Amino acid sequence: MENASKELADEYRRLGGRRVAVIDDNLGSSRDWDGDPPDAARFWNEHIAVLPDRERRDVETFLPSLNDESDEPASH
(Lines give C-alpha, C1' and ligand atoms only; values in the text may rest on other atoms or scores of the structure.)
Protein backbone atom coordinates (compact mmCIF):
# COMPACT_ATOMS: atom_id res chain seq x y z
CA MET A 1 0.00 0.00 0.00
CA GLU A 2 1.41 3.35 -1.00
CA ASN A 3 1.51 6.02 1.65
CA ALA A 4 0.32 9.63 1.43
CA SER A 5 3.87 11.02 1.17
CA LYS A 6 4.65 8.93 -1.89
CA GLU A 7 1.32 9.83 -3.47
CA LEU A 8 2.05 13.55 -3.01
CA ALA A 9 5.54 13.19 -4.49
CA ASP A 10 4.20 11.16 -7.42
CA GLU A 11 1.51 13.73 -8.23
CA TYR A 12 4.02 16.58 -8.00
CA ARG A 13 6.32 14.75 -10.44
CA ARG A 14 3.39 13.90 -12.73
CA LEU A 15 2.67 17.63 -12.96
CA GLY A 16 6.25 18.17 -14.15
CA GLY A 17 7.85 19.04 -10.81
CA ARG A 18 11.63 19.32 -11.05
CA ARG A 19 12.72 19.48 -7.42
CA VAL A 20 15.31 16.95 -6.32
CA ALA A 21 15.86 15.57 -2.85
CA VAL A 22 19.06 16.46 -1.03
CA ILE A 23 19.75 14.07 1.83
CA ASP A 24 22.47 15.30 4.16
CA ASP A 25 23.22 13.71 7.53
CA ASN A 26 19.83 11.94 7.48
CA LEU A 27 18.03 15.27 7.07
CA GLY A 28 16.13 15.80 3.88
CA SER A 29 15.39 18.89 1.90
CA SER A 30 14.70 19.68 -1.71
CA ARG A 31 16.18 22.05 -4.25
CA ASP A 32 14.50 23.67 -7.21
CA TRP A 33 17.23 24.95 -9.53
CA ASP A 34 15.28 24.86 -12.78
CA GLY A 35 11.90 26.14 -11.64
CA ASP A 36 8.67 24.20 -11.81
CA PRO A 37 5.90 24.44 -14.38
CA PRO A 38 2.98 26.48 -12.95
CA ASP A 39 0.81 23.43 -12.11
CA ALA A 40 3.63 21.69 -10.25
CA ALA A 41 4.61 24.87 -8.40
CA ARG A 42 1.01 25.45 -7.35
CA PHE A 43 0.67 21.81 -6.19
CA TRP A 44 3.91 22.07 -4.19
CA ASN A 45 2.84 25.31 -2.52
CA GLU A 46 -0.70 24.15 -1.73
CA HIS A 47 -0.09 20.54 -0.71
CA ILE A 48 3.55 20.02 0.27
CA ALA A 49 5.09 23.32 1.42
CA VAL A 50 2.31 23.70 4.00
CA LEU A 51 3.07 20.37 5.69
CA PRO A 52 4.88 20.21 9.03
CA ASP A 53 8.66 19.80 8.57
CA ARG A 54 8.66 16.07 9.29
CA GLU A 55 5.88 15.30 6.82
CA ARG A 56 7.42 17.53 4.13
CA ARG A 57 10.76 15.71 4.54
CA ASP A 58 8.91 12.41 4.14
CA VAL A 59 7.53 13.61 0.79
CA GLU A 60 10.97 14.84 -0.28
CA THR A 61 12.46 11.38 0.27
CA PHE A 62 10.31 10.15 -2.64
CA LEU A 63 11.72 12.74 -5.06
CA PRO A 64 14.66 11.88 -7.31
CA SER A 65 17.79 12.29 -5.22
CA LEU A 66 20.77 14.49 -5.91
CA ASN A 67 22.73 11.91 -3.94
CA ASP A 68 21.49 8.99 -6.04
CA GLU A 69 24.50 7.13 -7.37
CA SER A 70 22.55 5.96 -10.42
CA ASP A 71 22.66 9.55 -11.68
CA GLU A 72 26.48 9.55 -11.57
CA PRO A 73 28.42 8.97 -14.78
CA ALA A 74 29.41 5.35 -15.25
CA SER A 75 33.01 4.60 -14.39
CA HIS A 76 35.16 3.04 -17.09
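Remember, predicted model here, so these are calculated numbers, not experimental data.

K.L.:
Just to check I follow, could you spell out the pattern of salt bridges for this structure?
P.N.:
A side chain with one charge can pair with a side chain of the opposite charge if their charged atoms come near. What the rule picks out here adds up to 6 salt bridges. The partner of D10 in a salt bridge is K6, and the shortest N-O contact between them spans 2.9 Å. Of this pair, D10 and K6 both sit in helix α1 (residues 4-14), 4 residues apart, which is roughly one turn of that helix. Of the charged contacts, one joins R54 and D58 as a salt bridge, the two residues approaching to 3.8 Å between their closest N and O atoms. Here R54 and its partner D58 are both found in helix α3 (residues 53-60), 4 residues apart, which amounts to about one turn of the helix. On the accessibility criterion, R54 (58% relative accessible area) is exposed. The exposure class of D58 is partly exposed, given its relative accessible area of 28%.

K.L.:
Explain the nonpolar core to me, please; I cannot follow it from the model alone.
P.N.:
In this structure, A9, Y12, A21, A40, F43, W44, I48, L51, V59 and L63 together form the largest nonpolar core, which totals 10 residues. Mapped by element, the contributors of at least two residues to this core are α1 and α2 (38-48). Setting aside residues no more than four positions away along its own chain, A9 makes contact with V59, F62 and L63.

Rules of the game
- Residues numbered from 1 in each chain as written.
- Predicted model: local features only at pLDDT ≥ 70, side-chain atom pairs only at ≥ 80, totals over all residues.
- Heavy atoms only, no water.
- Salt bridge = Lys/Arg side-chain N within 4 Å of Asp/Glu carboxyl O.
- Helix = DSSP H or I, 4+ residues; strand = E, 2+ residues; numbered from the N terminus.
- Buried < 20%, exposed > 50% of the residue type's maximum accessible area, 1.4 Å probe, protein only.
- Core = buried A, V, L, I, M, F, W, Y, C linked by side-chain atoms within 4.5 Å.
- Contact = heavy atoms within 4.5 Å.

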